[in-house]
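Listed here are the chains, written in short residue letters.
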Amino acid sequence: MREIVIVGGGYAGFYTAWGLEKKLRRGEARVTVVDPRPYMTYQPFLPEVVAGSVEARHAAISLRRHLHRTRVIAGTVAEIRNSARTVTVRPETGPDFDLPYDVLVVTAGAVTRTFPIPGLSDQAYGLKHVEEAVAIRDRLLTSFDRAATLPRGPERRKLLTVTVVGGGFSGVEGFGELLALATALLKHYPEIDAGELGFHLVEARGRILPEVTDRPGEWVVRSLEKRGGRVHLNTQLVSTEGGHVVLSDGEEYDSGLIVWAAGNASNPIVHNHTDLPVDERGLLTVRADLRVGTDTEVVADVWAAGDDASVPDLAAGRPGARTVPNAQHAVRQGKLLAKNILASLRGRPAKDYVHHSLGVVATLGLGRGIFQYRRLVIKGFPAWLMHRGYHVLAVPSWERKVRVFAVWATAAFYGRDIVSLVSVQHPRDAFVSRGAPRRSEEPTDVVTG
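As annotated in an unreviewed UniProt entry, the protein carries the name Dehydrogenase and is attributed to Streptomyces canarius. UniProt's Sequence similarities (unreviewed entry) comment on the protein is quoted here verbatim: "Belongs to the NADH dehydrogenase family."

(A) Seen up close, the environment of Ser266. Note that Ser266 resides in the loop between strand E18 (264-265) and helix H9 (268-272). The spacing of Ser266 and Ala309 is 43 residues in sequence and 8.6 Å in space, taken between C-alpha atoms. What Ser266 contacts, discounting residues up to four positions off in sequence, is Val111, His271, Arg281, Gly282 and Leu283. Within the structure, the side chain of Ser266 is placed 3.4 Å from the backbone oxygen of Gly282, a separation counted as a polar contact.

(B) Molecular detail of empty space enclosed by the protein. Taken as a whole and assessed by the stated rule, the structure comprises one cavity of 30 Å³ or more. Of the pockets and cavities examined, the largest cavity occupies roughly 30 Å³. Around the largest cavity, the lining residues are Gln123, Tyr125, Arg139, Ser255, Gly256, Leu257 and Ile258. Among the residues making up the lining of the largest cavity, the classes are represented as three nonpolar, three polar and one charged.

(C) View of a nonpolar patch on the surface. A grouping of Val419, Leu421 and Val424 is seen on the molecular surface, where their side chains present a nonpolar patch of about 270 Å² in accessible area. Tracing the backbone shows Val424 in the loop between helix H12 (398-414) and helix H13 (429-433).

(D) Main features of the side chain of Gln328. Relative to the helices and strands, Gln328 resides in helix H10 (residues 327-345). A distance of 3.4 Å separates a polar atom in the side chain of Gln328 from the backbone nitrogen of Leu358. Gln328 has contacts with Tyr353, His355, Ser357, Leu358, Gly359 and Tyr390, leaving out every residue within four places of it along the chain.

(E) Representation of the pattern of salt bridges in the model. A complete count under the given rule lists 22 salt bridges for this structure. Ionic pairing is found between Asp193 and Arg152, a salt bridge with its closest N-O pair at 2.4 Å. Of the two residues, Asp193 sits in the loop between helix H7 (169-185) and strand E12 (198-202) while Arg152 sits in the loop between helix H5 (130-148) and helix H6 (154-159), which places them 41 residues apart along the sequence. Exposure remark for Arg152: the relative accessible area of 57% places this residue in the exposed category.

(F) Up close: the UniProt feature "domain: FAD/NAD(P)-binding" (unreviewed entry) in the protein. UniProt tags residues 3-334 as "domain: FAD/NAD(P)-binding" (unreviewed entry). Here residues 3-334 is 29% helix and 28% strand, with 18 Å between the C-alpha atoms at its ends.

(G) Layout of a positive patch on the surface. On the surface, a cluster of positive charge is contributed by Lys22, Lys23, Lys335, Lys339 and Lys351. Where the positive patch is concerned, the elements lending two or more residues are helix H1 (11-23) and H10. Within the secondary structure layout, Lys351 lies in the loop between H10 and strand E23 (360-365).

(H) A look at the pairing of strand E17 (residues 257-260). Burial along E17 is two-sided: Leu257 and Val259 and Ile258 and Trp260, pointing in opposite directions, are all buried. In the sheet, strand E10 (residues 124-126) pairs with E17 via three bridges, with the strands oriented parallel. In the sheet register, Ala124 faces E17, and the bridge partner there is Ile258.

(I) Here's a closer look at the packing of aromatic side chains. Taken as a whole and judged by the stated rule, the model has 10 aromatic pairs. The interplanar angle of 40 degrees and the centroid separation of 5.1 Å between the aromatic rings of Phe14 and Trp18 together place this pair among those described as tilted. On the criterion of helical spacing, the pair formed by Phe14 and Trp18 is a turn pair, its members being four residues apart in helix H1. On the accessibility criterion, Trp18 (19% relative accessible area) is buried. If you follow Lys22 out to its NZ or CZ, it ends over the ring of Trp18, 4.2 Å from the centre. One residue, Lys401, lies across the ring of Trp398, its end atom 5.7 Å from the ring centre.

(J) A look at the pairing of strand E15 (residues 244-247). Strand direction decides the pairing type here: strand E14 (residues 237-239) and E15, joined by two bridges, are antiparallel. By the bridge assignment, Ser239 is partnered in E15 with Val246. Here E14 folds back onto E15 in antiparallel fashion, the turn holding four residues, of which Gly242 has a positive phi close to 65 degrees. Where E15 lies against strand E16 (residues 252-254), three bridges are found, and the strand directions are antiparallel. In the sheet register, Val245 faces E16, and the bridge partner there is Tyr253. Where E15 folds back on E16, the antiparallel hairpin that results is connected by four residues, among which Gly250 adopts a positive phi of roughly 95 degrees.

About the criteria used
Residues numbered from 1 in each chain as written. Predicted model: local features only at pLDDT ≥ 70, side-chain atom pairs only at ≥ 80, totals over all residues. Heavy atoms only, no water. UniProt positions renumbered as here; feature names shortened; annotations may be inferred. Helix = DSSP H or I, 4+ residues; strand = E, 2+ residues; numbered from the N terminus. Contact = heavy atoms within 4.5 Å. Polar contact = N/O pair within 3.5 Å; in protein donor to acceptor, adjacent residues only side chain to side chain. 1 Å grid on protein atoms, 1.4 Å probe; cavity = no way out; pocket = protein on both sides within 12 Å on 5 of 7 lines; lining within 4 Å. Points joined across faces, edges and corners; volume = space filled by probe spheres on them. Nonpolar A, V, L, I, M, F, W, Y, C, P; charged D, E, K, R; others polar. Patch = residues over 30% accessible without salt bridge, like charges linked within 9 Å, V, L, I, M, F, W, Y side chains within 5 Å. Areas by Shrake-Rupley, 256 points an atom, 1.4 Å probe, with all protein chains shown as cover. Salt bridge = Lys/Arg side-chain N within 4 Å of Asp/Glu carboxyl O. Buried < 20%, exposed > 50% of the residue type's maximum accessible area, 1.4 Å probe, protein only. Lys, Arg positive; Asp, Glu negative; His and termini not counted. Charge placed at Lys NZ, Arg CZ, Asp CG, Glu CD. Pairing = 2+ DSSP bridges. Phe/Tyr/Trp six-rings, centres within 6.5 Å; stacked < 30°, edge-to-face > 60°. Lys NZ or Arg CZ within 6 Å of the ring centre and 35° of its normal.

This is the structure we're talking about:
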């Protein structure tokens, strides 16, 4: 039996394994997925997890629940040695071990791109995983609770100030949802007024949402600023030590919540720990049929897709064009990968990947959105409905669709859930303190009283 090893259980990896399960004949091959997380994150829902419009678990698709005939290994691939046809797996506990393969699929996904900015690693949250989205939401809710007990002043102002760095889809959607959540919270906190909120979106380029054209992008900026946000274009984050934000335009302020959404970088396993060919960006060199290699030289039985693969964009109609790293491409590449691997196993030719964009859609907060397909632009509430409709259809499995839709329907009648569960990040606090009053910054590993 041939061994098919899939490195990464994100969009492309999940859909590859799911497609193979449905079509592989009994005894034809065994599929193994290696990923440190036991689930695939449906990343378009993360901004709504931040806002409490989607439950965190509903944005996570369990690998074991949906991949019934696939072996799932919880671990990180530390090295790929195609010359020996093995990958080295580093589990959460226990020693590393080698996993042999006959067919390799690399869908490790991208990682958050960061820069050596003072204070960034100590102060900021990413927005790529469910855990981060939950932590951001809880941080904002807890900040409101704390600010309501303080007199007006620098400490209270810091708690009510949010900074999001990055004007791509993740940053803009996260910023819009946080702004909408904070505005909705005001009616529950009569001690706080709207003028005390400080929301800053920082983007190094001269525009946000590069996937849309100039005029819709400018409308998004005006919409966010009309709601009380500030958009800093052509501006970089210089420092954030101690929560004190310094921007390249000279502005400085204290911020209680800092979210970093300034793009992705190739996975270290791809550009540092493999003997497979990579390009100047550290991405795997991939042919149009998703095999690793070039038009003149192919790496036998090795395939790749998703954010860490440089896939030719045949739909663009210009030489050298590559697909952009987004969910639309990763999902469709994963589905084609499954078909092409099956075709290869059965001696049939593989098909090239060609996908014409369905347009781009973004949520800007509850009831607000933007959609663009070529010259067609839809704004406001209709675009927000389109965003929700598209993603509830796109999220894998009917079980997840029903759960997400049920939460949305409940919220339509009863509003957002505004309970912070930040205490779950320190579950032993109540036990260790024995009920004694304590501040959140006090150590939790010493028994008191």
